[in-house]
Amino acid sequence: MLADRHDDRPSFMTNDQTTTTGDSGQRSANMQWGGRFAAGPAAIMQEINASIGFDQKLWRQDIRGSMAHAAMLAHVGIISGEDAQVIRSGLERIAAEIEEGQFTFSVALEDIHMNIEARLTERIGEAGKRLHTARSRNDQVATDFRLWIRDAIDGLDAQLADLMRALVARATDHAADPMPGFTHLQTAQPVTFGHHLLAYVEMLARDRGRLADARKRLNECPLGSAALAGTSFPIDRRMTAAALGFDRPTRNSLDAVSDRDFALEFLSAASISSMHLSRLAEEIVIWCSAPWRFVSLSDAYTTGSSIMPQKRNPDAAELVRAKVGRVMGDLIGLMTVMKGLPLAYAKDTQEDKEPVFDAAEAWTLSLAAMAGMVRDMTPNTDRMRFFAGSGFATATDLADYLVRALHLPFRTAHHVTGRLVAKAEAKGIDLAELSLEEMREEEPAIGEDVFSVLTVDASIASRRSEGGTAPENVAQQAAWWRDQLKETA
Ligand code: ARG
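Remember, predicted model here, so these are calculated numbers, not experimental data.

**Here's the deal with the pairing of strand E1 (residues 178-183)**
Pairing of E1 with strand E2 (residues 186-192) involves 6 bridges; the strand directions are antiparallel. The residue of E2 that forms the bridge with glycine 181 is glutamine 189. Connecting the antiparallel pair E1 and E2 is a turn made up of 2 residues, with histidine 184 showing a positive phi of about 60 degrees.

So, in structure tokens, the structure goes:
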């Protein structure tokens, strides 16, 4: 969806139509706006000015926008129905050319908008020259870019849902398998592996919410704002807005041509979500490490070392962990471009596209890799269970027992438990390995039933509070998510 096979083909670009021969050579003016220009741009001017190297990604959206614009111009009588028809079929043929790799993108024509318009005029003549009536590249690019990001949002939302489904499936299988729960990465209390995985499902659900929210605000159509002030032609902005799937036209033409909040909101959602993926990636890296061995990844998601034959490196997880760096950089980069820009359009905003394309690609790749790893990984449930019960992980259960069974105030129970932990630690044994006598030295009322609360299974089973880790809770939550994520075909 985000891939475009022309992206990395600067060799496709030529300097035809306008020739630039350096600072002293003969140059001819741009055919689209060159009326008052006697000569063409300096080579370096052309190089810094042109965006075709990256904005060719917008070709589909540009053609869609032009088709809607032409149909509207004909509808209100600004151009003839015949011209609109010729424009439409011309644009269809150009789309086919680009699709087939037959289109020559020209740096001299600066950007995707002028490349397509020039080719249209080349193919259909006069009618092509009428297309730009009541429109400017300023409202055109704002429209195209919104359409591109909207498509990207829809694709990413589907990927987020897919990753959530993968996590929910694993959580369902491991709803009752204990693992050590951590705070400060120190063993805290036993939790279930399913519960741990569902924590990421919650994060990803919020990521989808942010995308949905951004999409709602993005979905207004700038087309018809023209350069900045609107137009003197009797255009119908509601018609173009509806044709392009927007909820309504934007209200203020100055804002519409200069606003890039929709790109920033997209980048912000991308940053937060990539941060979530980075956290899960880091856990996978830790879990795969030899001293842990909580999960293993197959050959499909690991690489070997050229020198150490025993190595199985979780490179994909490491790269997902790292991608957030560039995504956050993309957000800060565009934020900084927008800072201090006066109204209305300024060429600075041409710098909006690369960060968005870059972040979308990194996010898409990370989501796909993460979904693959989640489906691929094999949890070592015995090992997780073993560590869930070590490190005095059930100390809180003992304190809770003293409160529940002996009615000690919690602070007192905490203190007694602390002394028992110290006692076990000094002997190099676990809490459950202390004898009843040893326990009674600290609290005489402790009964034989204390041992039943010190097991890992009793511990997780007891965490039945709403949102807690008890296997029955986790199974219920997983079932609820499965229902939420049911594919509606
Ligand atoms: N390539 C430009 C961009 O991405 C299109 C708009 C140019 N408008 C202008 N008046 N020069 O922003």
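**Section: the layout of surface pockets**
Empty space within the largest pocket amounts to approximately 470 Å³. Contributing to the lining of the largest pocket are 18 residues, with Gly181, Phe182, His196, Ala199 and Glu283 lying nearest its centre. Counting residues per element, the ones that place at least two in the lining of the largest pocket are E1, E2, helix H8 (193-218) and helix H11 (261-288). With 5 residues, H8 is the largest single contributor of residues to the lining of the largest pocket. Its residues assigned to classes, the lining of the largest pocket comprises 9 nonpolar, 6 polar and 3 charged. For the second largest pocket, the lining is made up of 14 residues, of which Cys288, Ser289, Ala290, Arg293 and Arg312 are closest to its centre. Looking at the lining of the second largest pocket residue by residue, the classes come out as 5 nonpolar, 6 polar and 3 charged.

**Points about the site of the ligand**
Close contacts around the ligand come from Ser51, Asp55, Asp111, His113, Arg137, Asn138, Val141, Tyr345, Lys347, Gln350 and Lys353, and that covers them all. Contact between the ligand and lysine 353: an oxygen atom at 2.6 Å from a side-chain N or O atom of the residue. For the shell around the ligand, the element with the highest residue contribution is helix H7 (residues 137-173), accounting for 3 residues. Tallied by class, the residues present in the shell around the ligand amount to 2 nonpolar, 4 polar and 5 charged.

**Some remarks on the packing of H7 against helix H20 (residues 471-484)**
Running from amino to carboxyl end, H7 crosses H20 at an angle of 150 degrees, the nearest separation of the two axes being 9 Å. Considering their axes alone, H7 and H20 lie roughly antiparallel with respect to each other. Of the two elements, H7 crosses H20, and the hand of that crossing is left-handed. Where H7 abuts H20, its residues Met164, Val168, Ala171 and Thr172 lie against Val474, Ala478, Trp481 and Arg482. Considered class by class, the residues forming the contact of H7 with H20 number 6 nonpolar, 1 polar and 1 charged.

**Focus on the pattern of salt bridges**
Scanning the model with the defined rule gives 32 salt bridges in all. Across the pair arginine 375 and aspartate 162 runs a salt bridge whose closest N-O atoms are separated by 3.0 Å. You can see arginine 375 sitting in helix H13 (residues 353-376) and its partner aspartate 162 sitting in helix H7, a full 213 residues away along the chain. Taken together, the shared-partner salt bridges connect Glu97, Arg119, Glu122 and Arg123 into one network.

**A word on the UniProt feature "domain: Fumarate lyase N-terminal" (unreviewed entry) in the protein**
In this numbering, the UniProt entry assigns the feature "domain: Fumarate lyase N-terminal" (unreviewed entry) to residues 39-329. Along residues 39-329, the helical share is 63% and the strand share 7%, with 39 Å between the first and last C-alpha atoms.

Criteria and thresholds
- Residues numbered from 1 in each chain as written.
- Predicted model: local features only at pLDDT ≥ 70, side-chain atom pairs only at ≥ 80, totals over all residues.
- Heavy atoms only, no water.
- Pairing = 2+ DSSP bridges.
- Helix = DSSP H or I, 4+ residues; strand = E, 2+ residues; numbered from the N terminus.
- 1 Å grid on protein atoms, 1.4 Å probe; cavity = no way out; pocket = protein on both sides within 12 Å on 5 of 7 lines; lining within 4 Å.
- Points joined across faces, edges and corners; volume = space filled by probe spheres on them.
- Nonpolar A, V, L, I, M, F, W, Y, C, P; charged D, E, K, R; others polar.
- Near = heavy atom within 4 Å.
- Polar contact = N/O pair within 3.5 Å; in protein donor to acceptor, adjacent residues only side chain to side chain.
- Axes fitted to C-alpha atoms, helices over the stretch in contact; angles between N-to-C directions.
- Parallel < 35°, antiparallel > 145°, perpendicular 65-115°, else oblique.
- Left-handed = near helix turned anticlockwise from the far one by under 90°.
- Contact = heavy atoms within 4.5 Å.
- Salt bridge = Lys/Arg side-chain N within 4 Å of Asp/Glu carboxyl O.
- UniProt positions renumbered as here; feature names shortened; annotations may be inferred.

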